[in-house]
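Results of the structural survey
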Amino acid sequence: MNNWKKQLGDLLAILLGNAVYALAVAAFILPNGLITGGSTGLALVARQLWGVPVETFVACFNPLMFLLGLAALGRRFALTTLVSSFWYPLIFGFFQRIPGVPFLTQDKLLAVVCAGGMIGLGIGIVIRAGASTGGMDIPPLVLQKKLGIPVSVSIYVFDFAILLGQMLFARREEVLYGILLVLVYSLVLDKVLMLGASRTQVKVVTACYQEVREQILHRLDRGCTLIQAETGLCHNPWPMVLTVVSGRELPRLTRLIQELDPDAFLVVSRVSEVRGRGFTLGKVYQAEPEGKDDV
């Protein structure tokens, strides 16, 4: 039952993400003559260099990217990407027929910001659902899987290169707007992909480390690790408490530590992603061995 709920949720996310992407193109990109990256931008370059019609290039290029995704990312990814391939043109045509949508703003800078935000949001929603919008969105996903390169970085590099290619025939001002558009949606995409994944890491150096450990385990219901450290001045062995909490739990943790030891030394930092028990995996509760610490 839970598997069906997850699949339904992913399908709705793919439909929503593509709808946001299509609305950005219909409302801001096309009416203001903005240029962008992706397979469409690559097709424009091919048309200018080799005379290949845009529709012909896209019709050949997107199936090749689809096959690349099928080979590198699996059958489920390919099937969900097919949903984007059919849904996107349908919802895009619907938005184009709504009166007033293509005339929301004639300010190019405002259009760039709005379109960039919506494209980044749309692509991010689709990628989080385990799919893509097709075309040039697939190579960054392959690079992330094979080489660990962040999706937002790859998309930015590819789109920037495509925009530079369009400098051969587009006005410089249009290219600059295009670069700004890529920067905006790359930034938004990165934030959307990391949404809910970043956490707060806390390192605590205190004489009351056992009491702090107890508070983290039993009051915050979080795990912790005791790291064998050494003081820098006198070289005394001194365990350091390491834990990872959410931003909402940080004030409570800080307050508990200050109540136990006002002189405690805390190092608080944001980590981009946390995986494992208690975060991406469910919690498992085990009885503590008698006379042993949880290290």
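Higher on the page you've got the structure.
All figures in this text were calculated on a predicted structure; none of them were measured in a lab.

**Let's talk about the packing of aromatic side chains**
Applying the stated criterion across every chain, the model contains two aromatic pairs. Residues F94 and F95 carry aromatic rings whose centres are separated by 5.8 Å and whose planes lie at 55° to one another, so their mutual orientation is tilted.

**Quick word on unusual backbone geometry**
In this model, D221 sits at a positive phi of 60°, which is unusual for a non-glycine residue. With respect to the secondary-structure elements, D221 resides in the loop between α9 (209-218) and β2 (225-230). One non-glycine residue, H235, adopts positive backbone phi at about 60°. For H235, the location among the structural elements is in the loop between β2 and β3 (237-245).

**Observations regarding the pattern of salt bridges**
By the definition in use, this model includes four salt bridges. Of the charged contacts, one joins R171 and E173 as a salt bridge, the two residues approaching to 3.6 Å between their closest N and O atoms. Here E174 makes a salt bridge to R171, at a shortest N to O gap of 3.5 Å. Via salt bridges that share partners, R171, E173 and E174 belong to a single interconnected network.

**Focus: the pairing of β3**
Within a regular beta strand, the side chains point alternately toward one face of the sheet and then the other, so they alternate between its two faces. Pairing analysis gives six bridges linking strand β1 (residues 199-205) to β3, with the strands arranged antiparallel. Opposite V204, over in β3, you have V241 as the bridge partner. Summarising the sheet, β2 and β3 pair through six bridges and their orientation is antiparallel. Across the sheet, A229 pairs through a bridge with W238, a residue of β3. Connecting β2 to the antiparallel partner β3 that follows it, the hairpin turn spans six residues, and H235 within it adopts a positive phi of roughly 60°.

**Things to note about the sheet that holds strand β4 (residues 265-271)**
The four strands lie next to each other as β2-β3-β1-β4, forming an open sheet whose pairing is antiparallel. Looking at the sheet topology across the chains shown, the edges are occupied by β2 and β4. Within the sheet, the average angular offset between the axes of one strand and its neighbour, ignoring direction, is 25°. Most of the contacts of α9 go to β3, to which it runs at about 15°, and overall it touches β2 and β3.

**With respect to the packing of helix α5 (residues 108-128) against helix α8 (residues 172-194)**
It is at 7 Å that the axes of α5 and α8 come closest, and there the two elements cross at 35°. In terms of crossing hand, the pair formed by α5 and α8 is right-handed. Residue composition of the contact of α5 with α8, by class: 19 nonpolar, four polar and three charged.

**Some details on α5**
Between its terminal C-alpha atoms α5 stretches 30 Å, which fits the 30 Å expected from 21 residues at 1.5 Å a residue. Structurally, the start of α5 carries an N-cap: the backbone nitrogen of L109 is 3.0 Å from a side-chain oxygen of D107.

**What to know about a nonpolar patch on the surface**
A surface patch of nonpolar side chains, amounting to about 310 Å² of accessible area, comprises L109, V113, L180 and L183. Where the nonpolar patch is concerned, the elements lending two or more residues are α5 and α8. L183 gets classed as partly exposed once you look at its relative accessible area, which sits at 41%.

**A few points about the packing of helix α6 (residues 138-147) against helix α7 (residues 151-166)**
Look at α6 against α7: their axes get within 8 Å of each other, and the N-to-C directions meet at 135°. On the basis of the axis angle, α6 is oblique to α7. The two elements α6 and α7 cross, and the hand of that crossing is right-handed. When α6 is examined against α7, the residues P139, P140, L141, L143 and Q144 are found in contact with a partner set consisting of V151, S154, I155 and F158. Considering only residue class, the contact of α6 with α7 consists of seven nonpolar, two polar and no charged.

Conventions adopted
- Residues numbered from 1 in each chain as written.
- Predicted model: local features only at pLDDT ≥ 70, side-chain atom pairs only at ≥ 80, totals over all residues.
- Heavy atoms only, no water.
- Phe/Tyr/Trp six-rings, centres within 6.5 Å; stacked < 30°, edge-to-face > 60°.
- Helix = DSSP H or I, 4+ residues; strand = E, 2+ residues; numbered from the N terminus.
- Salt bridge = Lys/Arg side-chain N within 4 Å of Asp/Glu carboxyl O.
- Pairing = 2+ DSSP bridges.
- Axes fitted to C-alpha atoms, helices over the stretch in contact; angles between N-to-C directions.
- Contact = heavy atoms within 4.5 Å.
- Left-handed = near helix turned anticlockwise from the far one by under 90°.
- Nonpolar A, V, L, I, M, F, W, Y, C, P; charged D, E, K, R; others polar.
- Expected span 1.5 Å × (residues − 1).
- Polar contact = N/O pair within 3.5 Å; in protein donor to acceptor, adjacent residues only side chain to side chain.
- Patch = residues over 30% accessible without salt bridge, like charges linked within 9 Å, V, L, I, M, F, W, Y side chains within 5 Å.
- Areas by Shrake-Rupley, 256 points an atom, 1.4 Å probe, with all protein chains shown as cover.
- Buried < 20%, exposed > 50% of the residue type's maximum accessible area, 1.4 Å probe, protein only.
- Parallel < 35°, antiparallel > 145°, perpendicular 65-115°, else oblique.

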